[in-house]
Amino acid sequence: MSIKIEINSYGKTFDLSNNKRLFLISGPCVIESEKLTLNIAQKIRDIAQKLNIPYIFKASYKKANRTSGDSFRSIGVQNSLEILAKVREKIKVPVLTDVHSEIEASIAADYVDILQIPAFLSRQTELLEAAGETGRIINIKKGQFLSPEDMRYQIKKVESTGNKKILITERGTSFGYHNLVVDMRSLSIMKSFKYPVVFDATHSLQMPSKEKNISGGSPELIFPIARAAAATGINGVFIETHPNPAKALSDSKSMLPLSKLENLLKQLVSIHELVYNYL
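Residues numbered from 1 in each chain as written. Predicted model: local features only at pLDDT ≥ 70, side-chain atom pairs only at ≥ 80, totals over all residues. Heavy atoms only, no water.

*Asks:* In this structure, what is going on with the overall build of the chain? I would like to understand it.
*Replies:* Per the secondary structure count, the chain includes eight helices and 15 strands. For the chain, whose C-alpha radius of gyration is 17 Å, the value lies close to the compact-globule estimate of 19 Å for 279 residues. Counting only C-alpha atoms and orienting by the principal axes, one finds that the chain spans roughly 45 × 45 × 40 Å. Out of the 279 residues in the chain, the part that is buried amounts to 52%. (Helix = DSSP H or I, 4+ residues; strand = E, 2+ residues; numbered from the N terminus. Rg over C-alpha atoms; globule rule 2.2 N^0.38 Å. Buried < 20%, exposed > 50% of the residue type's maximum accessible area, 1.4 Å probe, protein only.)

Below, the structure written as structure tokens:
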């Protein structure tokens, strides 16, 4: 029996541990402006509501892990946090953002519903504990250097604070230089920990530092790899999206065009519903 974790999205209460219903974490990589952020959140919410999918908006308020020191980081921390709060208020969906230090966890928790631990920081004990102590839902991204079995120890760090509202996200494993692969076995292994498992269909296709000063990616593979993950019986899917990825200020090489999101979700929901009959 999975741990029950509830959210309220567009006026409905959903249990993220419910294997019968796939949930969605989606949004742009980073806050670029208030207008664009609210526009993206509204469009994704409309799609999710149409398909009856629980929806969580995601965006970073700053990018701490950049290939180059010259890369875009933020339009301003406080401004970005306030924009995330406006998404909660105006679009009526829960909001997720990533944090990079103990103090960031306590600050961001006042503006969002879910704190995300970045993959590169997934073993940072004090960060996991500080996030857990906020009482927010915690999404731990599996480090590119971790085995799925190792995630049980990261889970215990959050549990030690008394917080059992935890999500686990697979985002690929380092395969040599500038490349990631996804071991689909990890999704089933991590489900044995009894927490909802999410598949990140966009970061899993990144090519870290592949291109000059930025990371590359293979967005043309988002559809097939997301379908494969859905067939394992995951609880949720994580998709970074943008109206025009080529002009996005971060992760432009791996995001899904917003115009393709509804079609992808229809396919994933269909596969997920079929697989549910065998779980």
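*Asks:* Would you explain the environment of leucine 96 in this entry?
*Replies:* Tracing the sequence through the fold places leucine 96 in strand E5 (residues 95–98). In this structure, the C-alpha to C-alpha distance between leucine 96 and lysine 191, residues 95 residues apart in sequence, is 21 Å. Residues within four places of leucine 96 in sequence aside, it is in contact with Ile25, Ile56, Phe57, Lys58, Ala59, Ile114, Gln116 and Asn139. (Contact = heavy atoms within 4.5 Å.)

*Asks:* Which parts of the structure should I look at to understand the packing of helix H1 (residues 34–51) against helix H2 (residues 77–91)?
*Replies:* A pair of packed helices is characterised by two quantities: the angle between their axes and the separation of those axes. Put simply, H1 and H2 touch, their axes get as near as 10 Å, and they point 40° apart. Considering their axes alone, H1 and H2 lie oblique with respect to each other. For the element pair H1 and H2, the recorded crossing hand is right-handed. In this structure, H1 contributes Glu34, Thr37, Leu38, Ala41, Gln42 and Arg45 to the contact, and H2 contributes Ile83, Lys86, Val87, Lys90 and Ile91. Grouping the constituent residues of the contact of H1 with H2 by class yields five nonpolar, two polar and four charged. (Axes fitted to C-alpha atoms, helices over the stretch in contact; angles between N-to-C directions. Parallel < 35°, antiparallel > 145°, perpendicular 65-115°, else oblique. Left-handed = near helix turned anticlockwise from the far one by under 90°. Nonpolar A, V, L, I, M, F, W, Y, C, P; charged D, E, K, R; others polar.)

*Asks:* Please clarify how the packing of aromatic side chains should be interpreted in this entry.
*Replies:* A full pass over the atoms with the stated rule returns one aromatic pair. With centroids separated by 5.7 Å and ring planes inclined at 65°, the aromatic side chains of tyrosine 10 and phenylalanine 14 adopt a geometry described as edge-to-face. Of the two residues examined, tyrosine 10 and phenylalanine 14, each falls in the buried class. The positively charged end of lysine 141 is found above the aromatic ring belonging to phenylalanine 238, 4.0 Å away from the centroid. (Phe/Tyr/Trp six-rings, centres within 6.5 Å; stacked < 30°, edge-to-face > 60°. Lys NZ or Arg CZ within 6 Å of the ring centre and 35° of its normal.)

*Asks:* Is there a simple way to think about the pairing of strand E14 (residues 236–242) in this case?
*Replies:* Here is the key point about a regular strand: its side chains alternate between the two faces of the sheet. Taken across its seven residues, E14 has seven buried, putting it largely inside the fold. By the alternation rule, side chains of E14 split into Gly236, Phe238, Glu240 and His242 and Val237, Ile239 and Thr241, which are all buried. The pairing of strand E3 (residues 23–27) with E14 spans five bridges and is classified as parallel. Bridging from a neighbouring strand, isoleucine 25 pairs with phenylalanine 238 of E14. (Pairing = 2+ DSSP bridges.)

*Asks:* Just to check I follow, could you spell out the nonpolar core for this structure?
*Replies:* Nonpolar side chains in soluble globular proteins tend to be buried together. By size, the foremost hydrophobic cluster in this structure holds 80 residues, and its most contacted members are Phe57, Leu84, Leu115 and Ile239. Not counting residues up to four positions away in its chain, the partners in contact with leucine 84 are Ile31, Phe57, Ala59, Tyr61, Val95, Thr97, Tyr111 and Val112. (Core = buried A, V, L, I, M, F, W, Y, C linked by side-chain atoms within 4.5 Å.)

*Asks:* Sorry if this is basic, but what is going on with the pairing of E3 here?
*Replies:* The element E3 is largely enclosed, with a buried count of five among its five residues. Neither face of E3 is left uncovered, since the one carrying Phe23, Ile25 and Gly27 and the one carrying Leu24 and Ser26 both have all their residues buried. Direction of pairing for E3 relative to strand E4 (residues 55–58): parallel, over a ladder of three bridges. The residue bridging serine 26 from the neighbouring strand is phenylalanine 57, located in E4. In terms of handedness, the path from E3 via H1 over to E4 forms a crossover that is right-handed. (Right-handed = clockwise from strand over helix to strand, strands pointing away.)

*Asks:* How do you make sense of unusual backbone geometry when you look at a structure like this?
*Replies:* With the exception of glycine, most residues fall at negative phi, and the peptide bonds are largely trans. Even without glycine at this site, tyrosine 10 takes up a positive phi of about 40°. Mapped onto the fold, tyrosine 10 is located in the loop between strand E1 (6–9) and strand E2 (12–15). Residue classification places tyrosine 10 among the buried residues on the basis of a relative accessible area of 8%. You will see that lysine 92, though not glycine, has its phi angle at about 65°, which is positive. Topologically, lysine 92 is positioned in the loop between H2 and E5. By relative accessible area, which is 48% here, lysine 92 ends up partly exposed.

Any link to function would need more than the numbers given here.
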